[in-house]
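Chain residues, written in single-letter form:
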Amino acid sequence: MLAAVLIGTPAVAKAPTIRVSGWARPTVAPQKSAAVYLSLHNGGPGSDRLLAISTPVAGSASVHSTTMAGGVMRMRGVASLPIAASQRITMKPGGLHVMLTGLRAPLRAGQKLPLTLRFERAGLVRTSVPIQMTAASEDHGHHGH
Ligand SMILES: [Cu+2]
């Protein structure tokens, strides 16, 4: 009976809720690209898909995967990143990352990088991530200061 009720009311299913955190690597002046490592958690009841990322500080932002082929590290653009219900995707150096290109100013440690993510179902998610050297001090849901 519960199943029948759930099947009978698809219209009231809530859109997935995606939580985004992460960090960005600092850059120095001539550098025009930067890597951002995001952690995405789909807390919603259905799968979703990350379609696009933008930030006012760079000309473009896109998801890259990193693979090793014959001892050579290659980065490849990921057109859209699926995220299943309850799934957590944690980007790390040497793996998935967000590549910023056409940086308008260096990313300075201690500052925050504003990002807008567009998901197929969750829509726009706006956030900002700290600019820091490593993931070590990444916030895990509570603020350290
Ligand atoms: Cu890249």
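What counts, and where the lines are drawn
- Residues numbered from 1 in each chain as written.
- Predicted model: local features only at pLDDT ≥ 70, side-chain atom pairs only at ≥ 80, totals over all residues.
- Helix = DSSP H or I, 4+ residues; strand = E, 2+ residues; numbered from the N terminus.
- Buried ≥ 20, exposed ≤ 12 C-beta atoms within 10 Å, placed from the backbone.
- Contact = placed C-beta atoms within 7 Å.
- Pairing = 2+ DSSP bridges.
- Core = buried A, V, L, I, M, F, W, Y, C linked by C-beta atoms within 7 Å.

With respect to the overall build of the protein chain
Moving on, step 1. Along its length, the protein chain carries one helix and 10 strands.
Moving on, step 2. Counting helices and strands in the order they occur from the N terminus, the protein chain gives α-β-β-β-β-β-β-β-β-β-β.
Moving on, step 3. Counting only residues that meet the buried cut, the protein chain has 23% of its 145 residues in that class.
Moving on, step 4. Taking all contacts inside the protein chain whose residues are at least 6 apart in sequence as the whole, residues at least 24 apart take part in 72%.

Considerations on the environment of Gln 31
Moving on, step 1. Turning to its location among the elements, Gln 31 is positioned in the loop between strand 1 (18-24) and strand 2 (33-42).
Moving on, step 2. Expressed as a C-alpha distance, the spacing of Gln 31 and Leu 103, which sit 72 residues apart in the sequence, is 7.7 Å.
Moving on, step 3. Among all residues touching Gln 31, those that are not within four sequence positions of it are Leu 103 and Pro 106.

Re the pairing of strand 4 (residues 58-69)
Moving on, step 1. Looking at chain direction, strand 4 and strand 8 (residues 97-103) are connected through six bridges and run antiparallel. From the neighbouring strand, Val 63 faces strand 8, where its bridge partner is Val 98.
Moving on, step 2. Bridge analysis of strand 4 against strand 5 (residues 72-77) gives six bridges, and the strand direction is antiparallel. Its bridge partner lying in strand 5, Met 68 is registered against Met 73.
Moving on, step 3. In sequence, strand 4 turns back onto strand 5 through a hairpin of two residues, with Gly 70 there showing a positive phi of about 60°.

Some remarks on the nonpolar core
Moving on, step 1. Membership of the largest hydrophobic core comes to 26 residues, with the highest contact counts inside it found for Ala 24, Val 36, Leu 50, Val 98 and Leu 113.
Moving on, step 2. In terms of residue count, strand 2 provides more of this core than any other element does, five residues in total.
Moving on, step 3. Setting aside residues no more than four positions away along its own chain, Leu 50 makes contact with Leu 40, Val 63, Ser 80, Leu 81, Ile 83, Leu 117 and Phe 119.

That's the geometry; what it means functionally is another story.
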